[in-house]
Amino acid sequence: MDVQILTFIIVGASFLLYIGIAIWARAGSTQEFYVAGGGVHPIANGMATAADWMSAASFISMAGLISFMGYDGAVYLLGWTGGYVLLALCLAPYLRKFGKFTVPDFIGDRYYSQTARTVAVLCAIFVCFTYVAGQMRGVGVVFSRFLEVDITTGVVIGMGIVFFYTVLGGMKGITYTQVAQYCVLIMAYLVPAIFISIMVTGHILPQTGFGATLSDGSGVYLLEKLDGLSLELGFNEYTSGTKSMIDVFCITAALMVGTAGLPHVIVRFFTVPKVRDARYSAGWALIFIAILYTTAPSLASFARVNMIETINGTEQTGTKYANAPTWITNWEKTGLIAWDDKNNDGKMFYSGDDRNEMKVDRDIMVLANPEIANLPAWVIALVAAGGVAAALSTSAGLLLVISTSVSHDLLKRNLMPNITDKKELFFARLAAAVAICIAGYFGINPPGFVAQVVAFAFGLAASSFFPAIIMGIFMKRMNDKGAISGMLAGITFTAAYIIYFKFVNPAANIPENWFLNISPEGIGTIGMVVNFVVAFVVLKLTGDSPEEIQQLVEDIRYPKGSGEAQAH
Amino acid sequence: MAFKNEEDKKAYWRDNLSLMLKLLVVWFVVSFGFGILLVDVLNHIQFFGFKLGFWFAQQGAIYVFVVLIFVYVRQMNILDKRYGVDEE
């Protein structure tokens, strides 16, 4: 059957599944809308968290990024998994015991301050919007490549689906659709990876194929081959990077701590019944995430060897363009691959020096993989469905945080404390609907800086939420003034650094000008330190938090009697 | 509070913190230590087809992370039971 028709069928079937789940899991109260009634099984929650977490960027771009970065790609692999250890050990159980709906709820109550709450709400909304715009764009790209509709139509279809199950089902609908989306996306990721691993190394598991010898009978290890090829072609050795050690350290730390401070991830741990479940759930989430994150670097190396050999030929002399495989010409149409025959020999050549004649976009590594490996049409269709699932699941989670922040933190807890549950639910749905439209707008008209703002989102979360929550749990004495000034100092420092290098003076964005050699991507780590230091100093000057707050902190440290997540 | 006395309550928190810190040390060592700070040293060691430091950075540390969380869950369940604060 034609690839196009198969893709329509598989993507369409996955949409029907999501809609069916949404109708089955309608939300009837704010409790169900915000935290799925607090009755989600830890394994289901783990899957939902994994889908929530793994965005279009993880699914489509990460393996490609790693394949171009080599060792340096570890910043994403470590950064986006290690944060779960922090979540499980230092945050999730205590926040679950605290038993509110949102991160600003915790910050506002723990620091007994509307100012703290408002600062937290604004950060949460900002972080989520920067993220969600990128997701909508991801849906558009997948649609335009695989279904050949234009990006606008793709975004509108994606918006429609998310609108339906977010507005109707709230957290309850989202949770169960995310479970389904996880299954779709992980299948879509693993199937081509396994095929390619078998093809390149003869190993079924990509994770072991990564360290195995090539199946061409040469007895050379895959990574040895890749290191050799990279050097020969004027790139850096694949297994050693180009970034400075301190930069790799700081980027990894900022991503880890940022992960642990992202509101759409934290809120997932409010949906399980008990403190113990919150701990388990973080473990399951990491298992489900690790399946993709340990496959990605393997895939990255297979894809790189494959790509170099296809373009340059096994003799490294170049392949005649006339004999190029069809995937090259297919993807040339999208502009993700380009060939410029500089020496007019009719052959393609890819390298890291002036012999190079190819422009290869990193996103191609995952999307074109099934074609590169000559896999059957249904695998290509599955990859399309997986990309859409990854983008939709993350958008829904983010949109829910935005809507909760507006209806719960801003209206119920701030401006209109007396509204009924029903009214609040109405506002939550309204806020979700408005947020989807704004996100869709940015998906269709992406601001040129989407990629840059992602660093912003992590830096902000790392330098604001994470220290505030950690001190809230582990330092009874921390007071409102300390926490607020810490958050403001951390955010201001981080934002100023990123804005300067990314927007004000991008030409100066080179290692020589960076503070301690730390790039804007990694500066959140320093922002976090600034936050802690300022908070401590202010605490020393202003005196300990009041007795009843210390009592409240005592209380969240012990699991007994967590009860249901509740408003008050 | 279900603790028998104030002493128990303090002890529970102390045990919790010490477990957490121990696991965080491992967390730091396998990722930031083996994967980043010591990567050049460990890369002299061959581990199947990998250089060991590279393997920790792109594979090994992630497996250890998963194990760490489940060790924490198990130990905390035992701790909760011992001090009678487990939820049933």
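Preceding block: the structure.
Residues numbered from 1 in each chain as written. Chains lettered and ligands numbered in written order. Predicted model: local features only at pLDDT ≥ 70, side-chain atom pairs only at ≥ 80, totals over all residues. Heavy atoms only, no water.

Draft legend 1. Layout of the overall build of chain A. A count of helices and strands for chain A gives 23 helices and four strands. A globule of 568 residues ought to have a C-alpha radius of gyration of about 24 Å, and chain A, at 24 Å, matches this closely. With the C-alpha coordinates aligned to their principal axes, the bounding extent of chain A is approximately 80 × 55 × 40 Å. For chain A, long-range pairs separated by at least 24 residues make up 80% of all intrachain contacts whose partners lie at least 6 apart in sequence. When the accessible surface of chain A is totalled, it reaches about 19000 Å², and 64% of it is carbon and sulfur. (Helix = DSSP H or I, 4+ residues; strand = E, 2+ residues; numbered from the N terminus. Rg over C-alpha atoms; globule rule 2.2 N^0.38 Å. Contact = heavy atoms within 4.5 Å. Areas by Shrake-Rupley, 256 points an atom, 1.4 Å probe, with all protein chains shown as cover.)

Draft legend 2. Here's a closer look at the side chain of T81 of chain A. By secondary structure assignment, the location of T81 of chain A is in helix α5 (residues 74-98). Residue T81 of chain A is classed as buried on the basis of its relative accessible area, which comes to 0%. Ignoring sequence-local partners within four residues, the contact set of T81 of chain A consists of L286, I289 and Y293 of chain A together with I62 and F65 of chain B. (Buried < 20%, exposed > 50% of the residue type's maximum accessible area, 1.4 Å probe, protein only.)

Draft legend 3. Geometry of helix α7 (residues 114-146) of chain A. All names here are of chain A. Between its first and last C-alpha, α7 extends 48 Å over 33 residues, near the 48 Å set by a 1.5 Å rise per residue. When you tally the buried positions in α7, you get 24 out of 33 residues, the bulk of the element. One side-chain oxygen of the residue at the start of α7 lies 3.2 Å from the amide nitrogen of T115, identifying that residue as S113. (Expected span 1.5 Å × (residues − 1). Polar contact = N/O pair within 3.5 Å; in protein donor to acceptor, adjacent residues only side chain to side chain.)

Draft legend 4. The arrangement of the interface of chain A and chain B in detail. Each side of the interface is counted separately: chain A has 56 residues, and chain B has 49 residues. Regarding the contact of chain A and chain B, the summed buried area is about 4600 Å², with carbon and sulfur atoms giving 71% of it. It is L89, R279 and Y558 of chain A in chain A that bury the most area against chain B; as a group they hold 16% of the surface buried on that side. Linking chain A to chain B there are four salt bridges. For K9 of chain B, the salt bridge identified is with E554 of chain A, shortest N-O distance 3.1 Å. One can count ten residue pairs in polar contact (both at pLDDT 80 or more) joining chain A with chain B. Where the side of chain A that touches chain B is concerned, the elements lending two or more residues are α5, α10 (222-232), α11 (245-261), α13 (275-312) and α23 (547-556) of chain A. The biggest single contributor to the side of chain A that touches chain B is α13 of chain A, with 14 residues. Here the residues of the side of chain A that touches chain B are counted per class, giving 34 nonpolar, 13 polar and nine charged. (Buried area = accessible area lost by both parts, 1.4 Å probe. Salt bridge = Lys/Arg side-chain N within 4 Å of Asp/Glu carboxyl O. Nonpolar A, V, L, I, M, F, W, Y, C, P; charged D, E, K, R; others polar.)

Draft legend 5. Local environment of the packing of aromatic side chains. Counting across every chain of the model gives 36 aromatic pairs over all chains. An angle of 65° between the planes, with centres 6.1 Å apart, marks the rings of F249 of chain A and F28 of chain B as edge-to-face. Of this pair, F249 of chain A sits in helix α11 while F28 of chain B sits in helix α1 (residues 6-37), placing the two residues on different chains. Each ring, one from F249 of chain A and one from F32 of chain B, has its centre 4.6 Å from the other, and the planes form 50°; the classification is tilted. (Phe/Tyr/Trp six-rings, centres within 6.5 Å; stacked < 30°, edge-to-face > 60°.)

Draft legend 6. Quick peek at the nonpolar core. Counting 237 residues, the largest nonpolar core has W53, L91, I107, Y293 and I469 of chain A as the members making the most contacts within it. When near neighbours in sequence (up to four residues on either side) are disregarded, I107 of chain A contacts A116, A120, F465, A468, I469 and M487 of chain A. (Core = buried A, V, L, I, M, F, W, Y, C linked by side-chain atoms within 4.5 Å.)

Draft legend 7. The packing of helix α6 (residues 103-110) of chain A against α7 of chain A, seen in detail. All names here are of chain A. Two numbers describe how α6 lies on α7: the axes approach to 7 Å, and their chain directions differ by 160°. With respect to their mutual orientation, α6 and α7 come out roughly antiparallel. Seen along the crossing, α6 lies across α7 with a hand that is right-handed. Note on element contacts: α7 touches α6 through A116, R117, A120 and V121, opposite P104, D105, I107, G108 and D109. Looking at the contact of α6 with α7 residue by residue, the classes come out as five nonpolar, one polar and three charged. (Axes fitted to C-alpha atoms, helices over the stretch in contact; angles between N-to-C directions. Parallel < 35°, antiparallel > 145°, perpendicular 65-115°, else oblique. Left-handed = near helix turned anticlockwise from the far one by under 90°.)

Draft legend 8. Quick look at helix α4 (residues 56-69) of chain A. Residues and elements named next belong to chain A. Relative to the 20 Å expected for 14 residues at 1.5 Å per residue, α4 spans 19 Å between its end C-alpha atoms, a close match to the ideal helical length. A bend of about 45° at M62 is the largest found in α4. α4 sits mainly inside the fold: eleven of its 14 residues count as buried. Looking only at α4, the buried set comprises A56, S58, F59, I60, S61, M62, A63, G64, L65, I66 and S67. The positive-phi residue at the C-terminal boundary of α4 is G70, with phi of around 65°. (Bend = angle between axes of the 7 residues up to and from the residue.)

Draft legend 9. Representation of the state of the cysteines in the model. Residues and elements named next belong to chain A. Under the defined criterion, the tally for this structure stands at zero disulfides over all chains. Cysteine C250 shares no disulfide, and the gap to the nearest cysteine sulfur, in C90, comes to 19 Å. A relative accessible area of 5% places C250 in the buried class. Take C437: it sits in no disulfide, and the sulfur closest to it among the cysteines is that of C128, at 17 Å. (Disulfide = S-S within 2.5 Å.)

Draft legend 10. Expanded view of a nonpolar patch on the surface. Residues M245 of chain A together with V25, F28, V29, L37, L38 and V41 of chain B make up a contiguous nonpolar surface patch of about 560 Å² in total accessible area. Considering the arrangement of structural elements, one finds V41 of chain B in helix α2 (residues 39-42). (Patch = residues over 30% accessible without salt bridge, like charges linked within 9 Å, V, L, I, M, F, W, Y side chains within 5 Å.)

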